[in-house]
Amino acid sequence: MRYFPLFADLAEADVLVVGGGEAAARKVRLLCKTSARITVVAETVTEELRGLAERGAIALLPRAFLARDLHGQRLVYAATGDGVCDGAVSRAAKARGIPVNVIDAPALSTFITPAIVDRDPVTVAIGTEGAAPVLARQIKALLETLLPANLGVLASRARDLRDGVARAVVDPRRRRRFWERLLRGPFRRAVLSGAQNEAGRILAAELEDEHRLTHATPTGRVTLIGCGPGDPDLLTLRAVQRLQEADVLVVDRLVDAKILEYARRDAERVFVGKTPRGPATSQAEINRLIVREAQAGKAVARLKGGDPLIFGRAAEEMSACQAADIPVEVVPGVTAAQACAARVGLPLTLRERIRQFAVVTGASAEGEPDFEWPALLAKDAAFAIYMGIGNAPLLRRQLLSAGADAATPVVIVENGTREGERTIATTLADLTDAVAQHAVVSPAVIFVGLDWAEAGLCRPAFVIVHRRARRPAIERPLERRAANTEALT
Ligand code: SAH
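The rules we used
Residues numbered from 1 in each chain as written. Predicted model: local features only at pLDDT ≥ 70, side-chain atom pairs only at ≥ 80, totals over all residues. Heavy atoms only, no water. Near = heavy atom within 4 Å. Polar contact = N/O pair within 3.5 Å; in protein donor to acceptor, adjacent residues only side chain to side chain. Areas by Shrake-Rupley, 256 points an atom, 1.4 Å probe, with all protein chains shown as cover. Helix = DSSP H or I, 4+ residues; strand = E, 2+ residues; numbered from the N terminus. Nonpolar A, V, L, I, M, F, W, Y, C, P; charged D, E, K, R; others polar. Domains from an automatic or database assignment. Pairing = 2+ DSSP bridges. Contact = heavy atoms within 4.5 Å. Axes fitted to C-alpha atoms, helices over the stretch in contact; angles between N-to-C directions. Phe/Tyr/Trp six-rings, centres within 6.5 Å; stacked < 30°, edge-to-face > 60°. Buried < 20%, exposed > 50% of the residue type's maximum accessible area, 1.4 Å probe, protein only. Expected span 1.5 Å × (residues − 1).

*Asks:* Report on the site of the ligand, specifying residues and quantitative values.
*Replies:* Close to the ligand lie 20 residues, the nearest being Asp307, Ile310, Thr335, Gly416 and Ala444. In this structure, Pro229 approaches the ligand through a main-chain N or O atom, which is 3.0 Å from a nitrogen atom. Within the backbone of Ala444, an N or O atom sits 2.7 Å from an oxygen atom of the ligand. In isolation the ligand offers 550 Å² of accessible surface; the protein chains occlude 94% of this area. Among the secondary structure elements, those contributing two or more residues to the shell around the ligand are α13 (336-344) and β17 (444-448). Looking at the shell around the ligand, its residues break down into 12 nonpolar, six polar and two charged. Both of domain 3 (223-334) and domain 4 (341-465) provide at least three residues apiece to the shell around the ligand.

Below, the structure is given as structure tokens:
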């Protein structure tokens, strides 16, 4: 981030605009939304600016810019369109330490003006550091449609209530939750639809409820949040809501750092990452931690990769909460197999052909994984192996000795939806070789029994096809290659 966003207080401040053309008029229009005292210096001005001057909305100095015009100014805009003149204004302002913006010349400016969505007193500012103004406008258009036109009324009402609510709900955490309820629920709807009396009644009832609750014992809660495979776009709306409500975040290793951006900045963060075979906070400690935090009255968000109920040890955490009488909620997430299959366009079931799809773990707490492989190898079945990369050679051996066809298609998706995503298509016979040759690391999902051709689909071009070079029928040592990545045809 090169440009740091902030909002300047221009109440009764002096602001200078140098230039009298359309570009200057646009800035003046924006500035007129504030109560700044605006002075325009320009030899000629547009009709609009002249009109504003005649009505006393701005002061007009009908002459060229002089350095003394800068005296007492809080901000300066240069919009003459003349490089020499704009440059002189920029230099003079910089010399006096006054923030200056030269229209369309970031190099001469010390600040830039963002695109804004105006719901006074709510203002959303959007900037791309000049990288893509069109993108900023698109985001603005999107927000314009998302935010109710009279959102400002709600904010103003909240402002009027602020002190009263602070006196009535003293505990800051409770107060924040009170505001969250108020600004999302029926109170918000009543205010936005103009039903002020109704809003007043709802507020009184909410305050009464809050009073009752404050005198009861504090109840925290735990939410197990499925954060999906990595890309924050795959978070559910509920996951985002719960993230924003949380006082404490208890975070797994597979939760992408970008997801944390959706939580409140002041929420405590506890990282309990488990790296495969590496150091970790024990499950028992995690259970104790979430219970302790909830018992202190906090909203605990337990962030898990993918879906919490799939290989997420949710049962232990839920049962610890239940034993301590703490309400626990599960927010589902997109599990790795779904996300990875979607990334590579691979259907997990196929009409008449794949009628069962299973997810299995390739790791086991008690040493080697040991499956009823024949059931998974039924003709109409396919499956995804989670946590299987470290055990790939063993899994391959077990599958082949359980009677799996060596030519069974295998697709490995590593880092699905995250940085460093790779997909490798191979066969069961070549699984170990593919993992070794391409140095595949966790997290990765291994799909067994799924193939694009079988579904009548094209394999995406980005998929790496791995086939181990077979020993030629007649040994020709000079031409022998260890492995290649040519097409599987
Ligand atoms: N609860 C998670 C699974 C946790 S077990 C879920 O529902 O997805 C961890 C395993 O999930 C990893 O070893 C890997 O097999 C898989 N996994 C998680 N995130 C992944 C990703 N972004 N890409 C590929 N596999 C992933």
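*Asks:* Tell me about the sheet that holds strand β15 (residues 409-414), and name the residues and values.
*Replies:* Strand pairing within a sheet occurs via backbone hydrogen bonds; the two strands may be parallel or antiparallel. One open sheet accounts for six strands, arranged β13-β14-β17-β15-β16-β18; its pairing is mixed. Unpaired on one side and paired on the other, β13 (356-361) and β18 (464-465) mark the two borders of the sheet. Here six bridges tie β15 to strand β16 (residues 422-427), and the two strands are oriented antiparallel to one another. Bridge pairing in β16 links Val410 to Thr426. In the packing of α13 onto the sheet, the strands contacted are β13, β14 (381-386), β15, β16 and β17, and the crossing angle to β17 comes to about 75°.

*Asks:* Tell me about the packing of aromatic side chains, and name the residues and values.
*Replies:* Inspection of the entire model under this criterion finds four aromatic pairs. Plain terms: the ring middles of Tyr77 and Phe111 are 5.5 Å apart, the flat faces sit at 80° to each other, and that makes the pair edge-to-face. Linking Tyr77 in strand β4 (residues 75-78) with Phe111 in the loop between β5 (100-102) and β6 (115-119), this pair joins segments that are 34 residues apart in sequence. For Tyr77, a relative accessible area of 5% gives the class buried. Ring plane angle 35° and centroid distance 5.9 Å describe the contact between Trp373 and Phe383, whose orientation is recorded as tilted. Highlighted residues: Trp373 in helix α14 (residues 373-376) and Phe383 in strand β14, separated in sequence by 10 residues.

*Asks:* Explain the sheet that holds strand β3 (residues 59-61) to me, and be specific about the residues and the numbers.
*Replies:* Strand order in the open sheet formed by five strands is β3-β2-β1-β4-β5, and the pairing between neighbours is parallel. Both edges of this open sheet fall to β3 and β5, since each of them pairs with a single strand only. The sheet shows a mean angle of 15° between the axes of neighbouring strands, taken without regard to direction. As paired strands, strand β1 (residues 14-18) and strand β2 (residues 37-41) are joined by five bridges and run parallel to one another. Bridge pairing in β2 links Asp14 to Arg37. Here helix α3 (residues 83-95) sits on the sheet in contact with β1, β4 and β5, set at roughly 165° to β5.

*Asks:* Could you give an account of the domain arrangement of the protein chain, with specific residues and numbers?
*Replies:* Split by domain assignment, the protein chain resolves into domain 1 (14-113), domain 2 (151-214), domain 3 (223-334) and domain 4 (341-465). Placing the centre of domain 1 and that of domain 4 at their C-alpha centroids yields a distance of 64 Å.

*Asks:* Let's hear about α3: which residues, and what values?
*Replies:* In this model, α3 (13 residues) spans 18 Å end to end at C-alpha, consistent with the 18 Å of a helix rising 1.5 Å per residue. The inward-facing, buried residues of α3 abut β1, β4 and β5. Of the residues flanking the start of α3, the one acting as N-cap is Asp82, its side-chain oxygen 2.9 Å from the backbone nitrogen of Val84. Among the residues trailing α3, Gly97 stands out with phi positive, at a value near 70°.

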